[in-house]
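These are the residues of each chain, in order.
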Amino acid sequence: MMAKKPESVFLEEWLRSRSGTYENPTLRHPSLVSAQAIIRAWADLRDSLQNQSFNSNHLESLKTLVNAQFSLYIADPQAKLLLSILSSQKVSLPQESYPLFVRLLYIWVRKSSRHSPGVIDSAIEVLLHLFSGHIHSNKSLSFFSEGVLLLGALSFVPSASEKSKTVCLKLLCQLLEEDYRLIRLSERTIPNVLAGIGYALSSSVNVYFVRVLSCLMELWDKSDGPSASVSNGLMILHLMEWSFSNFINSYFADKIDLFSRELLKNTRPTFSLYAVVMATAGVLRVINRSEQKALIELKTSAEERIEIISCCLVSSAGDADYATMEPKNSFLLQCISLALSKSGPFSYQPHVFLCLTKALFTEIFPLPRIYVKIQESPSGNLVGLVLNEVQQHLDSVIFKEAGAITGVFCNQYVLADEENRSAVEDIIWNYCRDIYMWHRKVALMLRGREEALLGNLEKIADSAFLMVVVFALAVTKHKLVLSAPQEIQIRLSVSILVAFSCMEYFRRMHLPEYMDTIRAVLTRVQENENASVSFVESIPSYDDLTNQAVPSSFQKMEYLWATDEVQTARILFYLRVIPTCVDCTPASVFRKVLAPTMFLYMGHPTGKVAKASHSVFVAFMSSEKDADPDERVTLKEQLVFYYVKRSLEGYPGITPFEGMASGVVALVRHLPAGSPSIFYCIHCFIEKADSLCSSVNTTPETDLGKSWDGELEPFKKMLDLLLRLLSLVDIQVLPSLMKSLAQLVIKLPSSGQDMILNELYQHVAESDDVTRKLTLVSWLQSLSYFSYQNTSKKAAIGAAKEIHDSMLGTEDSLSMNKISARL
């Protein structure tokens, strides 16, 4: 399979469509020129020849025909008419008409299926006359570009004689060598010039092949020549793809040998490295699609040529970072990356691999360089200095090809040697840390001020996140294998998790690759104490979380840790992952590193963050393993006191009830029986429930059933949790819980008491705990008795005192003694 055939018979238009920046509105919206207008235009031109005159009407007729070029067909008779007008000594033509005549002749050459050799020869004679006469002496840019295009097309016509083709190629080379400066005047003419060169290279004549190729390769480094750009490089790439396909399809073995000798094996010093890279990539693109085994040696030569250029670039760039990279090296990095993304499968080459790595972080995702500019720029000039640059990068070809370039990069990684693999891994992990630290500062500076700039920066970072995920997955597949040393597996697993935490803020979508990578590395971390400790200790310290270095130009800003979205996203990643490896985390490490962060983020206003903090507490309370079990138990009991305080001070409002409830359930289940911490927890929750109920204006007549889903909902949730604890707390704690609950329930209005009692009846009835069921039944009967005795607020308070005294052992009456015994 060769190169894709151009959508247009005009090579220059196909090249424009492949340049990444040029748009061809004529192709998308063809000029609507009627058949009558075309017929009338040809008639006007015949009149011009007959009358030996040329006026403005005839010029308009030429323009009409050129505007219809995509639907226009020109046969030999029309071509003869055009050549007759051009060669007439009696017709005085305006300067602007010559490019139009040449364009119409080009349409004839490209669209006519049969060309008369005589007409071809006539066209060449006319062109020789035009370019040697006063017309060309005016150095018209459009005439020059159209002439190069037509000369190349004529040399490509199969029916033209070898002599005619040779004349065309010679004149084309003279134009390129003498008047190349004209190309610099307009980028729009470059596709025409390149297409002319492409036709010339594909001609069946070999005598000027090397000269034409040299013209193409030498154009771009000249100070007065056309500019070297990514879009022009893409056209060079696809030009060589088109030309080399013609070499193969036409069995031009001699041209292939010449190309290999001149470009791949013995590149001249005058050749532009940028053009060599792009042209070589175009050849590789064809070879990779071909099934011819004879081209394998040529593929090797092409890959070695790009490797040699990459080696020179690596040596030239040295250790230059994103801030000190020379523009020339920066541009060549972009070209190599783009060339590889277009060329297809590429064998491993160490310097190509290093170039791709550098390009990813300095050219494709150049966030550090942009952050530095923002940091150094006065705040008032941020938009003017950086916004346009960032927007241009988002619209650039190199950024749009980020996915393809990442794919090539990962393929090179898989094939690389261990030394280069490790070096590149470290570069990527460090890049993630840099992005995290820089983006925190920049987000603080720009949030609420330059939202457009911040949003564009995050678009680049979003793509960088995808690159990191794809790379990390490649690492896990090829290095986290059973045969790899455990030490390497642990180091890489922790590094990947830390890198993901740094980039977590930029995760905008669900990625299977992301989850697959995390699952792969977690199996190594959660089973190894050293790995778990290493990961846990990588979490930012409490001081770092609560204090941010504010740039000098923003010293008046107050830093609030809870509003730092970048930091919050990273900590949320830790809070979600840590429960899976908390079993292997020693109590001393949890106390020193995790506990402060866990308690800090329990007070975060975002529910999912606070809930994740509670999950960490639950995981630690549920953990059993430790080299020193007593130390772990002691720490659990110590943490409960602050956990209860921290949770209740934010409830309702900040503390998510589900998270708090899971924490309470975990502590009553996993602390030793009769632990003082459990008594303290129940006491505090009873007090909080009482406070919540008292804060609402309730009377004995209040219908609590209508308020459970309103202002009393927090109290209702708290009461439900306490009721649930009846079946969870150990027997030593149960009497204290029943006593406190009775005191709480007896204060409620009668409607509330009825609802609670109904829930208790159902709860006890469904219980299959034989040990505590009899105790709960007796307690419930006594509670029911007192509830039905209370008909007013005053009676309720008195009953609460009586039941309290009876549970303390006060002997006021026989009935109370019986109830006390039951309680």
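Owing to the predicted nature of the structure, the values given are computational and were not obtained by experimental measurement.

(A) Broad picture of the overall build of the protein. Along its length, the protein carries 40 helices and zero strands. Counting the 823 residues in the protein, one finds 56% classified as buried. Across the protein, the fraction of contacts at a sequence separation of at least 24, relative to all contacts at a separation of at least 6, is 78%. Carbon together with sulfur atoms contributes 52% to the accessible area of the protein, which is approximately 35000 Å² in total.

(B) Highlighting helix 10 (residues 162–179). Compared with the 26 Å implied by 1.5 Å per residue over 18 residues, the 25 Å span of helix 10 between its first and last C-alpha is a close match. For helix 10, every residue scored as buried is listed here: Ser164, Lys165, Cys168, Leu169, Leu171, Leu172, Cys173, Leu175, Leu176 and Asp179.

(C) Summary view of the packing of aromatic side chains. A complete count under the given rule lists 33 aromatic pairs for this structure. Taking 6.5 Å as the distance between ring centres and 85 degrees as the angle between the ring planes, the aromatic pair formed by phenylalanine 365 and phenylalanine 399 counts as edge-to-face. Pair noted here: phenylalanine 365 is in the loop between helix 18 (350–364) and helix 19 (367–376) and phenylalanine 399 is in helix 21 (residues 397–400), with a separation of 34 residues, a long-range link. According to the relative accessible area criterion, phenylalanine 399 is buried, its value standing at 11%. For the ring pair tyrosine 505 and phenylalanine 506, a centre distance of 5.3 Å and an interplane angle of 80 degrees mean the geometry is edge-to-face. The same class applies to tyrosine 505 and to phenylalanine 506, which are both buried. Linked through ring pairs, Phe10, Phe70, Tyr106, Phe156, Tyr199 and Trp242 together constitute an aromatic cluster.

(D) Just the side chain of glutamate 12, in detail. Mapped onto the elements of the fold, glutamate 12 is located in helix 1 (residues 11–17). Of the residues examined, glutamate 12 reaches a relative accessible area of 0% and is grouped as buried. Polar side-chain contacts of glutamate 12 include one of 3.0 Å to the side chain of arginine 103. Ignoring any residue separated from it by four or fewer positions in sequence, one finds glutamate 12 in contact with Arg103, Tyr106, Leu149, Pro191, Asn192, Ala195 and Tyr199.

(E) Expanded view of helix 6 (residues 97–111). In a regular helix each residue adds 1.5 Å, so 15 residues correspond to 21 Å; helix 6 covers 21 Å between its end C-alpha atoms and thus fits that length. Summarising burial for helix 6: 13 of the 15 residues are buried, a large majority.

(F) A look at the environment of serine 186. In this fold, serine 186 is placed in the loop between helix 10 and helix 11 (190–201). Sequence separation of serine 186 and leucine 141 is 45 residues, and the distance between their C-alpha atoms is 8.1 Å.

(G) View of the environment of glycine 650. Along the chain, glycine 650 turns up in the loop between helix 32 (629–649) and helix 33 (657–670). The class for glycine 650 is buried, based on a relative accessible area of 13%.

(H) Fine view of the pattern of salt bridges. For the structure on display, the rule yields 26 salt bridges. Two residues, arginine 16 and glutamate 13, come together in a salt bridge whose shortest N-O distance is 3.1 Å. Note that arginine 16 and glutamate 13 are positioned in helix 1 at a spacing of three residues, about one turn of the helix. Accessibility expressed as a relative area gives 7% for glutamate 13, which makes it buried.

What counts and what doesn't
Residues numbered from 1 in each chain as written. Predicted model: local features only at pLDDT ≥ 70, side-chain atom pairs only at ≥ 80, totals over all residues. Heavy atoms only, no water. Helix = DSSP H or I, 4+ residues; strand = E, 2+ residues; numbered from the N terminus. Buried < 20%, exposed > 50% of the residue type's maximum accessible area, 1.4 Å probe, protein only. Contact = heavy atoms within 4.5 Å. Areas by Shrake-Rupley, 256 points an atom, 1.4 Å probe, with all protein chains shown as cover. Expected span 1.5 Å × (residues − 1). Phe/Tyr/Trp six-rings, centres within 6.5 Å; stacked < 30°, edge-to-face > 60°. Polar contact = N/O pair within 3.5 Å; in protein donor to acceptor, adjacent residues only side chain to side chain. Salt bridge = Lys/Arg side-chain N within 4 Å of Asp/Glu carboxyl O.

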